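Letter by letter, the chains look like this.
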Amino acid sequence: MTTFLFVLLAGLAIGSAIAMVVQRNPLYSAISLIGVFIALAGLYLTLAAPFLAAIQIIVYAGAIMVLVVFVIMLLNVEEEEHKPLRMGYLTVIAILLAAILFGEAGFILYFMGNSPLEPLNPNAVGNASNVGLTASIGTGLFTTYLLPFEITSVLLLMAIVGAMTLARRVGLLRPTDLVVPGSQVLTRQTLDPKAIGDATEVESSTTAEAARVLGLEGVPHRREE
Amino acid sequence: MDWNTITSVGLKLLGINIAFVVVLMIVAYTVLAERRVLALIQGRLGPNRVGYGGILQPFADLLKFIFKEEIVPDKATKFVYFLAPFIAIVGALMTIIVYPFGPDVNLPVIGAVRLVAAQFDVSLLYVLAITSIGVYGIALAGWSSNNKYSLMGGLRASAQLISYELSLGLSLVGVVLLSGSLDLFSIVEQQTNRWGFGTTANIFLQPLSWNIFLQPLGFIIYLISAIAETNRVPFDLPEAETELVAGFHTEYSALKFALFFMAEYVNMFTVSMLATTLFLGGWNGPFVEQLPFLGVFYFLGKVIFFLFLYIWLRGTLPRFRFDQLMNFGWKFLLPVAILNVVLTATVYFVTMLF
């Protein structure tokens, strides 16, 4: 039964993974990737790790892939067209890496004998059924592996702060400034109340930036009057 | 496979089927109840012609859905277009199996039976996982219809579900912290007799051991985010009729539309079941110990109360604007949910010390 489930889920995972790479429509690739994640969750279940299986679906299939699908839908990415390969040497490297991977797999299979499903050290399986339970994962994370766990969370926090810093505009905006997505062309009269009729063009993405370019930083904003 | 295994598997299948039939019947009549109650609120009569007081209306609706012409847009992405309703309905129905409908009961021939189809270590996480898959039904339906209104509806749905899933998950953490378990059945069992309220002389004090009295803030946060998760008024922006025709299901007709419609109501039912299980004591209530079958009625009664609440809200509240929805979710609900977790953990730790 377990072998049958393993073959079924592993086949599903590999098939979806191949489909993900081969598909030309990015949304189909995303759906295939969701299939991979669900098949992996099933594999975790057969390995007696229900907590990991649930988290796999919640985090990867439920959160990250929703964002990916969201972005694909928002940008309306068209189907990829046939283009001549730009970096030809990548093919050679890919074949080399694939050969190494297959070599490793063959090496492991050779030294494990004929039954790859049996664990190497039978004595280590004593309480294998408890390893995947929620309580033992929690205890492990907050006692033995506390430091790696905390470091990982700090790393994620750094990633969030970094993304915020990269996405933020340079300099602070006044509450009265107008922010328009993308760059725009403003006339001088929209920025300086005293220069009505002056249509000098300034390109910027906010009114504050345009004012800085024109040297009008101290002048009260039109909307403040 | 000996005889015992076969009977137990058969019993499980039977139980799952009974649960599905009961839930689907209640869902069908929720639609009728919604139309009648809304009519009552708005001073109309509502559908009352099919059968006595409209009692056969759900079946008439179903027949009409079956016999309607099926229209597929010419430029729709066919495969995804047909896949989306199935993801929606499967994601909605799959969670029913883990809810405990009642305590252990003695049946005449079979013996002691636990009224839950599947009980396992992480059933709460299972519910959250399946619910998070359900959003693909709506998002893909909006994308594949090749219609701007549908796409807007799908985008709104995915943005809204991502935003409110966080506060929904965090509002449940308080209950999990207190009960120390992710198994729904044991969470319900812990609400039977907390601080001796289940065994006092006055049996009507039993409700005081429910989780809602320990987690009032968590309950309110859960209720709000659950309404947002099911795309119901006042959070029904993915299908806002005034702006988007019908949102993500604009291009769906006949049975495929019926599947979306059913998925929405089954989702309402399952989030109500989760609220009942986690906060309102599940099947617990006075006299359940003497009459175990009473538990099923308590459970369904509490769920039906939540369904009534949904309809009531729909009759009284206007729709949010999208920026209001996002601001409310991220700037108010999420911080309050985090505060609830911190508060619960602190109080729990302090009471453990003394």
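Throughout this document, residue positions are counted from 1 along each chain, in the order its sequence is written. Chains carry letters and ligands carry numbers; both start at the beginning, A for chains and 1 for ligands, and go up in the order they are written. Local features are withheld for residues below a pLDDT of 70 in this predicted model, meaning they are given only at 70 or higher, and side-chain atom pairs are given and counted only at 80 or more; totals for whole chains, interfaces and linings count all residues. The side-chain numbers reported here are obtained from all heavy atoms of the structure, hydrogens and water having been left aside.

Caption draft 1: Spotlight on the overall build of chain A. Secondary structure counts use DSSP, requiring at least four H or I residues in a row for a helix and at least two E residues in a row for a strand, with both numbered from the N terminus. When helices and strands are tallied, chain A shows 9 helices and 2 strands. Helices (α) and strands (β) of chain A occur, in sequence order from the N terminus, as α-α-α-α-α-α-α-β-α-β-α. Relative accessibility thresholds used throughout: buried, under 20% of the residue-type maximum; exposed, over 50%; partly exposed, between the two (1.4 Å probe, protein chains only). Burial status across chain A gives 25% buried among its 225 residues. Relative to all contacts within chain A whose residues are 6 or more apart in sequence, the contacts with residues 24 or more apart total 50%. Each accessible area is a Shrake-Rupley estimate made with a 1.4 Å probe; only the visible protein chains count as cover when residues are assessed. In the form shown here, chain A has an accessible surface area of approximately 15900 Å², with 70% of it arising from carbon and sulfur atoms. Contacts are residue-level and defined by heavy atoms, with any inter-residue pair within 4.5 Å sufficient.

Caption draft 2: Looking closely at the pairing of strand β2 (residues 111-114) of chain B. Residues and elements named next belong to chain B. Paired strands, in this sense, are two strands between which DSSP finds at least two bridges. As paired strands, strand β1 (residues 104-107) and β2 are joined by 4 bridges and run antiparallel to one another. Bridge assignment links N106 to a residue of β2, and that residue is A112. Taking the residues between adjacent antiparallel strands as the criterion, β1 and β2 are bridged by 3 residues.

Caption draft 3: Structural context of unusual backbone geometry. Residues and elements named next belong to chain B. In the Ramachandran plot, N146 falls in the positive-phi region, its phi being about 55° despite a non-glycine side chain. One can find N146 in the loop between α4 (123-144) and α5 (148-179). Phi is positive for N231, close to 55°, though the residue is something other than glycine. Within the secondary structure, N231 sits in the loop between α7 (216-229) and α8 (241-244).

Caption draft 4: Focus on the environment of S153 of chain A. Residue and element names in this part refer to chain A. Of note, S153 is situated in helix α7 (residues 146-167). Separated by 110 residues in sequence, S153 and L43 have C-alpha atoms that sit 26 Å apart. In protein, a polar contact means a hydrogen-donor-capable atom and an acceptor-capable atom, both N or O and within 3.5 Å, with residues adjacent in sequence counting only if both atoms are side-chain atoms; elsewhere, any N or O pair within 3.5 Å suffices. At a separation of 2.7 Å, a polar atom in the side chain of S153 contacts the main-chain carbonyl oxygen of E150.

Caption draft 5: Geometry of the interface of chain B and chain A. Every contact between the two is made by 23 residues of chain B and, on the other side, 23 residues of chain A. Summing the contributions of chain B and of chain A, the shared interface buries around 2000 Å²; its carbon and sulfur component is 81%. Simply put, the buried area is the total loss of 1.4 Å probe accessible area from both parts when two parts are fitted together. Contact with chain A buries area across many residues of chain B, yet Y136, W143 and L155 of chain B alone supply 29% of it, more than any other trio. Counting across the chain B and chain A interface gives 2 residue pairs in polar contact (both at pLDDT 80 or more). Breaking the side of chain B that touches chain A down by element, the ones donating at least two residues are α3 (78-93), α4 and α5 of chain B.

Remember, this is a structural readout, not a statement about activity or role.
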